[in-house]
Amino acid sequence: QLLEENQAVDIVVGPDSYRDLPALVGLIRGGHSPAAVSVQLSAEETYADVAPVRLSKDRPDAFVSIMRGCNNMCSFCIVPFTRGRERSRA
């Protein structure tokens, strides 16, 4: 519906679709598709091969994702519906 209503949107991806981005961009640039969608959530994706982002070379700190998603279905929260079920790096 988002793609149909707004012609300015070319690609819609979910958090587990980062590996598909080059192929999706290729579809759009190659003219094979007017828009591309990849919003499936993966139960197995743990982002284990994603390198941590280092803020400073002088200090040992980094952002490392330990867990994605959530299994709690709080009435006020959208995380389980947008990021999927809980997945851990462990």
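Draft legend 1. Fine view of a nonpolar patch on the surface. Together, M73, I78 and F81 make up a nonpolar patch on the protein surface, roughly 350 Å² of accessible area in all. Looking at where M73 falls in the secondary structure, it is placed in the loop between β5 (67-68) and α3 (79-82). Note on M73: relative accessible area 48%, which makes it partly exposed.

Draft legend 2. Spatial organisation of the confidence of the model for the chain. Summarising the model, the chain shows a mean pLDDT of 77, and 81% of its residues fall at 70 or more. When pLDDT is averaged over each element of the chain, helix α2 (residues 21-29) comes out on top at 89 and strand β4 (residues 62-63) at the bottom at 61.

Draft legend 3. Examining the side chain of S17 more closely. Within the secondary structure, S17 sits in the loop between β1 (11-13) and α2. Residues in contact with S17, not counting those within four places in the same chain, are S38, V39 and Q40.

Draft legend 4. Up close: the side chain of S38. Tracing the chain through its elements places S38 in strand β2 (residues 36-38). Within the local environment of S38, its side chain forms a polar contact with the side chain of D20, the two groups lying 3.2 Å apart. Apart from residues lying up to four places away in sequence, S38 is in contact with V12, V13, G14, S17, D20 and L24.

Criteria and cut-off values
Residues numbered from 1 in each chain as written. Predicted model: local features only at pLDDT ≥ 70, side-chain atom pairs only at ≥ 80, totals over all residues. Heavy atoms only, no water. Patch = residues over 30% accessible without salt bridge, like charges linked within 9 Å, V, L, I, M, F, W, Y side chains within 5 Å. Areas by Shrake-Rupley, 256 points an atom, 1.4 Å probe, with all protein chains shown as cover. Salt bridge = Lys/Arg side-chain N within 4 Å of Asp/Glu carboxyl O. Helix = DSSP H or I, 4+ residues; strand = E, 2+ residues; numbered from the N terminus. Buried < 20%, exposed > 50% of the residue type's maximum accessible area, 1.4 Å probe, protein only. pLDDT = per-residue confidence, 0-100. Contact = heavy atoms within 4.5 Å. Polar contact = N/O pair within 3.5 Å; in protein donor to acceptor, adjacent residues only side chain to side chain.

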